[in-house]
Amino acid sequence: MARAVRAALDRGFGLVGVWAMERELSRIEAEAVIGRLARQALAETEALRALPCARSEADIATAKSAHAQTAAAWRDALRRNDLAALAPALVGAAADLGIAAPETAAAPALLRETARTFVAVAEENIAREDGVYAGDVALLRRVLDITQAPCVLSAPSFPDPATARPTTPIGAPVSSAPPPISVCLAPKVELRTATALRPVASGEGANTAAGRSSDDAGPARAARREPEEAVAVQASGAPASSDGPGASAIVAACDIAVVEPAAAAIPPSGSTLRLTGAKPATARRRRGTPTPKLARRGVSDPHVEMLRRLEGEALWDITVTDAFALARHHASKGGNNTSWLSNSARSFDKAAEMAASYFQGTKLRDIKTVDCEDWRDLVIDLPTTHGKAKEYSGELKDIVAHVNDKEDRLLTELEECAAKEGWSVDRLLDAEAEIRIKRLAPRTCYKHQSYLSQVFNTIVDLSGTGRNAMTKAMWSKAYTKQLIAEAGAKRVAWGEQDRRRLFGTALHCAGPDHAADALFWSPLMKNYMGGRMEEVCQIHPGDVTQEDGVPVFDIKAGPGQKLKSVHSPRKLPIHPELIRIGIVRLAAHRKSIGARTLFDVERALDGSFSTRFSKLFHKWRRENGIYMAGKDAHSLRKDFYQSLKSGGVDYAARIVLMGHGLNDVSETNYGHREWKMTQLRDFISTIPNDTAHIRPVI
């Protein structure tokens with residue numbers, strides 16, 4: 001992430017005052033031109049270091065030698081004043097920045113300062129070859145603090161043009177280098193009104209409060225006669241510079257924070273800081289005297305606009321991976337938004353992984369709409385088992401190519417078989433639909449597109465520049481709904497016949513090898529209580545309690561437990577069939593031996609139980625010949641809901657038992673009510689018993 005202008009570049013910027021007295025370009029314009037060229041040189045060299053393989057010591061030594069030769073060549077060009085080769089680059093950079101009359105950038109003094117900056121860039125590259133990046137600490141602070149405070153600009157200070165010609169070489173240590181223009185992440189904006197700050201003598205407030213006449217009011221009265229449009233920020237009596245667009249003018253024009261050296265911010269002894277244009281709290285205003293108003297000026301200075309643009313452009317030099325990390329930090333509010341972390345973080349990270357696989361080290365500013373469209377089309381063709389099956393790992397292009405080749409091969413074999421056996425057209429079409437590799441659902445694809453768009457929007461908001469390259473590449477909501485409708489339901493209910501097949505396997509007929517087998521209990525729990533996969537697998541033995549004499553499952557968030565939404569916490573009565581098979585006795589046994597969870601299932605690498613159990617359940621269905629597309633463990637929740645509906649259970653009660661939120665205004669605002677646990681038990685008992693043949697396990 002080393003994209004910021006480093007210390008060597010800052011030293012070169014500090015010398016802009018040397019050529020500023022020639023008045024060919026403003027200080028900020030010249031700094032913009034030099035900065036663009038220097039950042040480009042640093043980025044190009046950094047790209048050469050970002051190799052896919054490790055570098056040897058000989059490679060590093062060769063690179064350092066090349067940088068040293070570059071620095072020596074620029075010093076020789078400075079000695080001979082042979083700098084004409086720099087003129088086209090300066091003019092081009094000025095034109096790219098939108099500077100009027102870009103040919104003025106080829107001034108002799110600016111040519112020399114650019115060459116000196118390139119010497120500093122070469123020396124910085126030598127340090128980078130050794131892994132030393134001067135600005136990493138500052139950049140890390142920016143990334144960590146970016147969401148906790150608005151991004152404001154610190155005003156630059158320049159040396160006096162009359163005495164600024166330096167005698168110290170660029171490479172030598174400078175004892176009092178001027179501060180660079182940089183992003184300042186302040187807790188709050190220090191200046192929000194166009195009001196002047198000045199030191200006031202300690203006895204002045206009392207005289208003003210006493211109501212002295214305008215003739216003998218002294219400095220306090222004179223201060224109130226200052227124009228309302230005064231905008232200069234003065235501390236400890238330091239005068240504002242009148243040479244060009246100084247720091248005070250920049251602050252007044254763009255309403256930004258001023259970060260001055262600590263010594264300059266201390267007022268003289270015996271004085272206090274006061275806002276001129278407003279009376280002290282103890283002073284009375286004469287009757288009829290208008291209340292002083294604070295004037296604010298809009299942003300009209302083109303130099304200020306350029307300064308803002310330059311500060312924001314640094315964020316567009318980061319890679320997609322770094323941009324996703326920054327957007328993640330921003331969306332999670334520095335890790336404090338637990339709701340986002342539990343509900344969206346995993347899919348957001350998945351989108352980040354896919355974007356990094358395709359864009360790799362490309363900078364954000366280099367990503368165009370056509371690139372986003374290509375990425376979108378690749379995501380559409382990814383298989384549903386992307387990231388789960390080992391054969392579908394690697395770069396997106398390779399995965400999609402492998403899937404397409406595999407599918408073509410299977411379809412060719414199927415067509416040959418159909419031709420030999422004389423299949424009908426309908427049978428062939430049904431077989432082709434069954435054999436095709438399932439791709440990501442339209443809803444999932446749209447979610448990944450929205451996450452990439454969110455990353456671009458975050459950088460646009462933080463930088464104040466650029467545009468979202470994903471805007472025109474995203475599907476419209478209407479088109480997405482159309483695709484979802486065409487794809488049909490992803491999951492379907494098992495139905496009574498297939499549930500008998502599910503619970504008629506050897507595992508349920510003969511019983512599990514150990515009482516806490518998750519493959520045995522999880523389908524039963526989903527069928528009779530409608531719990532989500534994560535909710536079932538993470539239940540603690542202590543979560544099996546009683547309320548009003550009814551055994552219940554207490555679904556809640558806690559240590560090692562997370563829920564999907566705010567509607568998920570609930571208490572579910574235990575179905576009589578689960579009690580008969582032994583769920584309550586199992587909970588007591590697991591609690592007595594100190595087991596952490598009710599069932600034996602391990603977490604996956606992503607920290608969830610559902611990912612691990614989903615793979616186990618898929619493999620188990622394949623092995624027992626009961627695998628059917630669209631009918632997985634989560635599909636049993638559909639059976640649970642349909643059984644409640646067939647049993648005549650109230651709509652609102654069904655929603656509560658499912659752990660969903662009511663989306664009906666009338667029910668939400670007027671029909672909300674609570675049911676007794678005995679009533680909910682009666683609702684649960686309407687679910688038909690499909691497992692009378694299963695023997696108690698404990």
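Residues numbered from 1 in each chain as written. Predicted model: local features only at pLDDT ≥ 70, side-chain atom pairs only at ≥ 80, totals over all residues. Heavy atoms only, no water.

S.K.: Before we move on, can you summarise the overall build of the protein chain with the specific residues and values?
M.R.: Broken down by element type, the protein chain carries 30 helices and seven strands. Looking at the protein chain residue by residue over its 698 residues, the buried ones come to 44%. Intrachain contacts of the protein chain at a sequence separation of at least 6 include 74% that bridge at least 24 residues. About 35800 Å² of surface is accessible on the protein chain, with carbon and sulfur atoms providing 53% of the total. (Helix = DSSP H or I, 4+ residues; strand = E, 2+ residues; numbered from the N terminus. Buried < 20%, exposed > 50% of the residue type's maximum accessible area, 1.4 Å probe, protein only. Contact = heavy atoms within 4.5 Å. Areas by Shrake-Rupley, 256 points an atom, 1.4 Å probe, with all protein chains shown as cover.)

S.K.: Quick rundown of the pattern of salt bridges? Include the residues and the values.
M.R.: One pass over the full model with this rule turns up 32 salt bridges. With a closest N to O distance of 3.3 Å, Arg-128 and Glu-124 form a salt bridge. Within this pair, Arg-128 and its partner Glu-124 are both found in helix α6 (residues 108–129), separated by four residues, close to a single helical turn. Glu-124 gets classed as buried once you look at its relative accessible area, which sits at 7%. With its nearest N and O atoms 3.9 Å apart, the salt bridge here joins Asp-682 to Arg-681. Taking relative accessible area as the criterion, Asp-682 reaches 44% and is therefore assigned partly exposed. Here Arg-681 falls in the partly exposed class, since its relative accessible area comes to 34%. What emerges from the salt-bridge pattern is a single network uniting Glu-46, Arg-49, Arg-55, Glu-124, Arg-128 and Glu-129. (Salt bridge = Lys/Arg side-chain N within 4 Å of Asp/Glu carboxyl O.)

S.K.: Pulling in residues and values, what's your account of the environment of Tyr-358?
M.R.: The topology assignment puts Tyr-358 in helix α14 (residues 345–359). Among the residues examined, Tyr-358 registers a relative accessible area of 19% and is labelled buried. Those residues in contact with Tyr-358, other than ones at most four positions away along the chain, are Asp-371, Asp-374, Trp-375, Leu-378, Leu-396 and Lys-397.

S.K.: Give me helix α16 (residues 396–421): which residues, what numbers.
M.R.: Counted at 1.5 Å a residue, the expected span for α16 with its 26 residues is 38 Å, and the 38 Å between its end C-alpha atoms agrees. Turning to α16, its buried residues number three or more, namely Leu-396, Ile-399, Val-400, Val-403, Glu-407, Leu-411, Leu-414 and Ala-418. Looking at the packing, one finds that the buried side of α16 touches α14, α15 (369–380) and α17 (425–435). Following α16 by one or two positions, Gly-422 has its phi on the positive side, about 70°. (Expected span 1.5 Å × (residues − 1).)

S.K.: Give me the packing of helix α18 (residues 442–463) against helix α19 (residues 477–487): which residues, what numbers.
M.R.: The geometry of α18 relative to α19 is characterised by a closest axis approach of 9 Å and an angle of 150° between their N-to-C directions. When the axes of α18 and α19 are compared, the pair comes out roughly antiparallel. The segment α18 lies against α19, with Pro-442, Arg-443 and Tyr-446 engaging Lys-477, Thr-480, Leu-483, Ile-484 and Ala-487. (Axes fitted to C-alpha atoms, helices over the stretch in contact; angles between N-to-C directions. Parallel < 35°, antiparallel > 145°, perpendicular 65-115°, else oblique.)

S.K.: I'd like a description of the sheet that holds strand β5 (residues 544–547), backed by residues and values.
M.R.: Sheet architecture is open: three strands sit in the order β5-β6-β7, paired in antiparallel fashion. Whereas interior strands pair on both sides, the edge strands pair on one side only; in this sheet they are β5 and β7 (570–573). Each strand axis lies, on average, 45° off the axis of its neighbour in the sheet, ignoring direction. Strand direction decides the pairing type here: β5 and strand β6 (residues 550–555), joined by four bridges, are antiparallel. Each residue of the ladder has a partner; that of Thr-545, found in β6, is Val-552. Along the sheet face, helix α30 (residues 677–684) touches β5, β6 and β7 and points at about 55° away from the line of β7. (Pairing = 2+ DSSP bridges.)

S.K.: How would you sum up the side chain of Asn-527? Please name residues and give values.
M.R.: For Asn-527, the position within the fold is in helix α22 (residues 518–529). For Asn-527, a relative accessible area of 2% puts it in the buried group. Among residues more than four places away in sequence, those in contact with Asn-527 are Arg-499, Phe-503, Leu-636, Asp-639, Phe-640, Ile-687 and Asp-690.

S.K.: With reference to specific residues and values, describe the pairing of β6.
M.R.: Judged by how many residues are buried, β6 sits mostly within the fold: six of six residues are covered. Burial along β6 is two-sided: the residues Val-550, Val-552 and Asp-554 and Pro-551, Phe-553 and Ile-555 are all buried. Following β5, the chain reverses through two residues before pairing antiparallel with β6; Asp-548 in that reversal takes a positive phi of roughly 55°. Here four bridges tie β6 to β7, and the two strands are oriented antiparallel to one another. Its bridge partner lying in β7, Phe-553 is registered against Leu-572.

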